[in-house]
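Coordinates in review
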Amino acid sequence: MGKSIVILNGSPRKKGNTSALTRAFREGAESAGHTVVEFHLSDLSIHGCRGCFGGHSGNESPCVQRDGMDQIYPAVKTCDVIVLATPLYYWNMSGQLRTAVDRLFALEEGGENLLRGHGRASALLMAAEGHDFDDAARYYDHLMVHLQWENLGKVLCGGVMSIGDIEGRPEISAAYELGKSIV
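Presented here is a report on the structure given in the accompanying data block. (Residues numbered from 1 in each chain as written. Predicted model: local features only at pLDDT ≥ 70, side-chain atom pairs only at ≥ 80, totals over all residues. Heavy atoms only, no water.)

Side note on the packing of aromatic side chains
Which entries qualify depends on this criterion: Note on aromatic contacts: the rings of Phe and Tyr and the six-membered ring of Trp form a pair at centre separations within 6.5 Å, being stacked when their planes are under 30 degrees apart, edge-to-face when over 60 apart, and tilted otherwise. Helix numbering and strand numbering both begin at the N terminus, where a helix is a DSSP run of H or I of at least 4 residues and a strand a DSSP run of E of at least 2. Exposed residues in this analysis have more than 50% of their type's maximum accessible area, buried residues have under 20%, and partly exposed residues fall in between, with area computed by a 1.4 Å probe over protein chains only. Whether a charge sits over a ring depends on NZ of Lys or CZ of Arg being within 6 Å of the ring centre and within 35 degrees of the ring normal.
Within this structure, the stated rule accounts for two aromatic pairs. Between the aromatic rings of Phe53 and Phe105, the centroid separation amounts to 5.9 Å while the plane-to-plane angle is 85 degrees, which identifies the pairing as edge-to-face. Note that Phe53 is positioned in the loop between strand E2 (35-40) and helix H2 (69-78) and Phe105 in the loop between helix H3 (95-103) and strand E4 (121-127), a separation of 52 residues in sequence. You can call Phe105 partly exposed: its relative accessible area is 34%. Considering the side-chain rings of Tyr90 and Trp91, the 5.7 Å spacing of their centres and the 70 degrees angle between planes classify their relative orientation as edge-to-face. Residue Tyr90 is classed as exposed on the basis of its relative accessible area, which comes to 75%. Above the face of the Tyr139 ring, Arg98 is positioned so that its terminal group lies 4.2 Å from the ring centre.

Here it is, written out as structure tokens:
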């Protein structure tokens with residue numbers, strides 16, 4: 001039986017280089033029989049975490065704020081794999097993705113912790129003009145340790161600025177193979 005995969009795409013460019021990585025990943029995952037749902041975070045109005053500790057994982061929508069995260073929470077609650085996809089902005093993930101990740105904390109609050117552990121896995125897909133992914137990769141690795149998720153790997157593609165620069169790059173094949181390799 002295939003896995004349920006959620007892609008949180010933090011790129012504001014729907015046809016940009018990060019989206020090319022997610023498309024390749026999705027094609028690989030779907031070819032292996034998995035179901036993939038992708039959220040383009042720039043299409044959703046997602047507010048920053050208030051730090052109120054008022055969430056409750058048992059609620060249909062665990063956060064006290066009603067916004068675009070209401071679409072994401074149900075998918076994340078039941079998925080097997082979460083893919084974080086983002087361009088590199090100031091040596092880290094985009095604000096869109098960081099905000100969504102911060103808001104996932106509501107799934108750890110009150111009641112049962114629905115985020116940490118649970119046999120989940122994750123992958124990181126990133127594209128950038130530059131090549132210094134160290135800070136973003138370090139953050140991702142720390143997040144995987146905290147959440148107790150299996151780190152399936154990273155596909156990091158530097159040297160791509162303009163839309164389409166990534167076409168023909170080996171990282172496209174790597175993203176496809178990463179999606180296909182999920183068991």
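Remarks on the pairing of E4
Note the threshold: Two strands are counted as paired when DSSP detects at least two bridges linking them. Orient the strands so they point away from the viewer, and a crossover whose first-strand-to-second-strand path over the helix runs clockwise is right-handed.
Within E4, seven of the seven residues are buried, leaving the element largely enclosed by the surrounding structure. Both faces of E4 are covered, namely the face carrying Ala121, Ala123, Leu125 and Ala127 and the face carrying Ser122, Leu124 and Met126. Sheet topology note: the strand E3 (residues 81-87)/E4 ladder contains seven bridges and is parallel. Along E4, the bridge assignment pairs Ile82 with Ser122. With H3 bridging E3 and its parallel neighbour E4, the resulting β-α-β unit is right-handed. Bridging between E4 and strand E5 (residues 150-157) involves seven bridges; their strand directions are parallel.

Some points on unusual backbone geometry
One non-glycine residue, Tyr90, lies in positive phi territory at about 45 degrees. Take Tyr90: it is sitting in the loop between E3 and H3. One non-glycine residue with positive phi stands out, namely Gln148, at about 60 degrees.

Here's the deal with H3
To be explicit about the condition: Picture the helix axis, draw a direction to every C-beta atom, and the arc is the one those directions span. Throughout, a contact is declared for two residues whenever any of their heavy atoms are within 4.5 Å.
For H3, the set of buried residues is Leu97, Ala100, Val101 and Arg103. An end-on view of H3 places all buried positions within 160 degrees of arc, on one side of the element. The inward-facing, buried residues of H3 contact strand E1 (4-9), H2, E3 and helix H4 (134-147).

Some words on the pattern of salt bridges
Let me state the cut-off plainly: Here a salt bridge means any side-chain nitrogen of Lys or Arg lying within 4 Å of a carboxyl oxygen belonging to Asp or Glu.
If you walk through the whole model with that rule in mind, you get nine salt bridges. A salt bridge links Lys14 to Asp43; its shortest N-O distance comes to 2.7 Å. Taken together, the positions of Lys14 in the loop between E1 and helix H1 (17-31) and Asp43 in the loop between E2 and H2 put the pair 29 residues apart, joining distant regions of the chain. Lys14 gets classed as partly exposed once you look at its relative accessible area, which sits at 44%. Using a relative accessible area of 48% as the deciding quantity, one classes Asp43 as partly exposed.

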